[in-house]
Amino acid sequence: MAIGIKKVDSNITLTLWERMYAPEIIRGLYITMRHFTVNLWGLALEALGRRDKRKIMTVYYPEETLTPPPAYRGRPVLVRAENGLEKCVACGLCEVACPPKCIKITGGERENGDRYPLTYELDGGRCIFCGFCEEVCPKDAIVMSAEWRELCEYGRARMVYQKEALLYPQRNLQKRINLIRSRYFGVSRYRGKA
Amino acid sequence: MSELIRPGYDFHKETHTEPMVINMGPSHPATHGTVRFFLTLDGEIIEQIEVEIGYLHRAFEKECENQFWNGVFPYTDRLDYTAAALNNVGYALAAEKLIGITVPERCQYLRVIAGELARLSGHYTNLGAAALELGALTAFIYFVEARELVWDLIESLCGARLTHNYVRIGGVTADLPEGFAEHAREVFRRNRELWDDFAKLLLKNRIFLDRMRATGGISRQDAIEWGFTGPCLRACGVPYDVRRAQPYLVYGQLDFDIPVGETGDNLDRFLVRLEEINQSIRILEQCLERIPPGPINVDNPEWRQPSKDDIHRDMESMIFHFKNTFEGQKIPAGEVYQAIEGANGELGFYLVSSGAGKPLKCRVRPPCFALTSAMPLMVKGAFLADLIPTFDMINLIGGECDR
């Protein structure tokens, strides 16, 4: 077994030089001032328009925002297909799979027999952004968008999204749909066991 | 003056000195994780201490009984929220032990990667907070920067910074994104620099050493008797680590060291955790080098999500998917205990299945519960100020302890 044991040395003794305070204070200040200088020049380069050279961690939020990676799970949204209709068929899988039970659907039927959600209510105050709805949806109709800004409100009632507030055009979400379609791939299909 | 020396004069009685009873917490800045200490003080010496937990109780175990087997994962994220992926891994391993399946090798590597990243984030949080509460705000900021970089990695892998919900029964949700290994190496290089600065600022610092050394100590025998695990037990010199004692996943094939201390005081606990950060980075670098290609889910439709293409094209897959989602995966009846090495110690999951789609019981063995229960033993007779570093090194996570 290659897992070894390493003893940590807690017997830290301070030499006379280290006990004299002043040299140690200078050493500590050197470390903190180094970080300070890097941060300062990071700001200066920013002002000179060389954003790519910046070395600071912080982001000036309203002016500057971070782009989350493709895997990021933001606010769940419904997909509006190219023909202007929602892709959702109100099968209720997301309603069942949702751990905090924040989705409520009532199904309806169009004249040509297609099912669609009459109402689709997603309680943003209860949603835990787990992504199960997206994972189980058999029609790629609900996906987690990259939207993470300004989701807060002054009351829980205002966080309940109705169907119209959730619908997004498909072309904005195509990347995410491609990503989730590439998951769980490359394994055998159903083999007659139920 | 003449009154003071009169015969029969009792100084304590006349001046009414008696032990002072104070409440520390539940919303004291140093009692992070919401816990209340009921202290009886004689001057600055702690005479008695009662620890009151339960302020963060969210009925995790009851909630699990109302969720499908896979639906429990988001809730396990919220146990030890500083190291969420480790809880995912522990629960998944327990459920898989009950089913009797083993995940493919690539998936095991991915779980180790996610778990070690989570352990890094947990240790960075704990050590940074410990430094902060002893007055070293700068050191805290450096480790928060390191944690931010680790979270960037976790975010690109799992999809969320804090509540990853990454692991599933029979696999994981996503493969490594493109360029993950290079990104990770860059992060580790920067994190090593920050680690050096952190260590330089604190380990030769007289104030820090005086407050950490010889406080909150516990003997090896007592630690074992009180059920200590993790860095607090290893600080006493017992080289017990679940990764070494009962290797799970691919830990048996990896090269790393288990740091152990000697005296079991706060400084040893601090150093053990500090060294574990280095060892975790070592594990991660090996994993990224050795990770084999292959599937990331088991090849068994019963224990995995079908791919979206299968659902779109294949009627049987779709029917099976609906059945699985509405009724839950039917894990065979039985009970199982599986422990992993969490950031704090042995994190155990005890699952009971009745053969239905939901767990009959999901019991968690939180490592910090045993540690917190020994608080009176460690701080009785010590100064009030020693309570702060001791409690920091215990690393009580409210979400895990109270559930």
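Residues numbered from 1 in each chain as written. Chains lettered and ligands numbered in written order. Predicted model: local features only at pLDDT ≥ 70, side-chain atom pairs only at ≥ 80, totals over all residues. Heavy atoms only, no water.

Considering helix H4 (residues 84–99) of chain B
All names here are of chain B.
Part 1: The end-to-end C-alpha distance of H4, which contains 16 residues, comes to 23 Å, matching closely the 22 Å that a straight helix rising 1.5 Å per residue would cover.
Part 2: Among the 16 residues in H4, 15 count as buried, and that is most of the element.
Part 3: One or two positions beyond H4, positive phi appears at Gly 100, with a value near 95 degrees. (Helix = DSSP H or I, 4+ residues; strand = E, 2+ residues; numbered from the N terminus. Expected span 1.5 Å × (residues − 1). Buried < 20%, exposed > 50% of the residue type's maximum accessible area, 1.4 Å probe, protein only.)

Brief notes about the interface of chain A and chain B
As a measure of interface size, the accessible area lost when the parts come together is often cited.
Part 1: Counting from both sides, the interface comprises 59 residues of chain A and, opposite them, 80 residues of chain B.
Part 2: Here chain A packs against chain B, burying approximately 6200 Å² in sum over the two surfaces, 58% of which is carbon and sulfur.
Part 3: Applying the counting rule to chain A against chain B returns four salt bridges.
Part 4: The shortest N-O distance in the salt bridge between A:Arg34 and B:Asp197 comes to 3.0 Å.
Part 5: Here chain A is connected to chain B by 23 residue pairs in polar contact (both at pLDDT 80 or more).
Part 6: The set of elements that each furnish at least two residues to the side of chain A that touches chain B consists of strand S1 (3–7), helix H2 (22–47), helix H3 (93–97), helix H4 (132–136) and helix H6 (170–181) of chain A. (Contact = heavy atoms within 4.5 Å. Buried area = accessible area lost by both parts, 1.4 Å probe. Salt bridge = Lys/Arg side-chain N within 4 Å of Asp/Glu carboxyl O. Polar contact = N/O pair within 3.5 Å; in protein donor to acceptor, adjacent residues only side chain to side chain.)

Side note on the packing of aromatic side chains
Residue and element names in this part refer to chain B.
Part 1: Taken as a whole and assessed by the stated rule, the structure comprises 11 aromatic pairs over all chains.
Part 2: Considering the side-chain rings of Tyr 91 and Phe 349, the 5.9 Å spacing of their centres and the 70 degrees angle between planes classify their relative orientation as edge-to-face. Of this pair, Tyr 91 sits in helix H4 while Phe 349 sits in strand S8 (residues 346–353), placing them 258 residues apart in sequence.
Part 3: Since its relative accessible area comes to 0%, Tyr 91 is described here as buried.
Part 4: Measuring from ring centre to ring centre gives 3.8 Å for Phe 143 and Phe 198, while their planes differ by 5 degrees; the resulting arrangement is stacked. Placement of the pair is Phe 143 in helix H6 (residues 137–158) and Phe 198 in helix H7 (residues 180–203), with a sequence separation of 55 residues. Neither residue differs from the other here; Phe 143 and Phe 198 are each classed as buried.
Part 5: Residue placement shows Arg 243 over the ring face of Tyr 251; its charged tip is 5.8 Å from the ring centre.
Part 6: Here Lys 358 stacks its cationic end above the ring of Phe 68, 5.3 Å away from the centre of that ring. (Phe/Tyr/Trp six-rings, centres within 6.5 Å; stacked < 30°, edge-to-face > 60°. Lys NZ or Arg CZ within 6 Å of the ring centre and 35° of its normal.)

Brief notes about unusual backbone geometry
All names here are of chain A.
Part 1: Backbone geometry places Phe 129, a non-glycine residue, at a positive phi of 55 degrees.
Part 2: Assignment of secondary structure puts Phe 129 in the loop between strand S4 (115–123) and H4.
Part 3: Positive phi outside glycine occurs at Asp 140, with the angle close to 50 degrees.
Part 4: Assignment of secondary structure puts Asp 140 in the loop between H4 and strand S5 (142–144).
Part 5: By relative accessible area, which is 1% here, Asp 140 ends up buried.

Regarding the pairing of S4(A)
All names here are of chain A.
Part 1: Two elements, strand S3 (residues 103–109) and S4, share seven bridges in a ladder whose sense is antiparallel. Within S4, the residue paired with Lys 104 across the bridge is Glu 121.
Part 2: In textbook terms, the turn of a hairpin is the stretch between consecutive antiparallel strands, and for S3 and S4 this stretch comprises five residues, one of which, Gly 113, has a positive phi near 95 degrees.
Part 3: As defined by bridge partners, S4 adjoins strand S6 (residues 160–161) across two bridges and the pair is classed as antiparallel. What sits directly across from Leu 122, in S6, is Tyr 161. (Pairing = 2+ DSSP bridges.)

Examining the packing of helix H5 (residues 105–133) of chain B against helix H12 (residues 266–290) of chain B
Residue and element names in this part refer to chain B.
Part 1: With their axes 9 Å apart at the nearest point, H5 and H12 run at an angle of 155 degrees to one another. The orientation of H5 relative to H12 falls into the category roughly antiparallel. The way H5 lies across H12 gives a crossing that is left-handed. Contact residues: Tyr 109, Val 112, Ile 113, Glu 116, Leu 117, Arg 119, Leu 120, His 123, Tyr 124, Asn 126 and Leu 127 in H5; Phe 270, Arg 273, Leu 274, Glu 276, Ile 277, Ser 280, Ile 281, Ile 283, Leu 284, Cys 287, Leu 288 and Arg 290 in H12.
Part 2: Partitioning the contact of H5 with H12 into residue classes produces 15 nonpolar, three polar and five charged. (Axes fitted to C-alpha atoms, helices over the stretch in contact; angles between N-to-C directions. Parallel < 35°, antiparallel > 145°, perpendicular 65-115°, else oblique. Left-handed = near helix turned anticlockwise from the far one by under 90°. Nonpolar A, V, L, I, M, F, W, Y, C, P; charged D, E, K, R; others polar.)

A short note on the sheet that holds strand S2 (residues 36–42) of chain B
All names here are of chain B.
Part 1: The antiparallel open sheet is built from three strands, whose spatial order is S1-S2-S3. Each edge of the open sheet is held by one strand with a lone partner, namely strand S1 (20–24) and strand S3 (45–52). Neighbour-to-neighbour, the strand axes of the sheet open up by a mean angle of 20 degrees, direction not taken into account.
Part 2: Pairing of S2 with S3, which is carried by seven bridges, proceeds in the antiparallel orientation. Across the sheet, the residue bridging to Leu 39 is Ile 49, located in S3.

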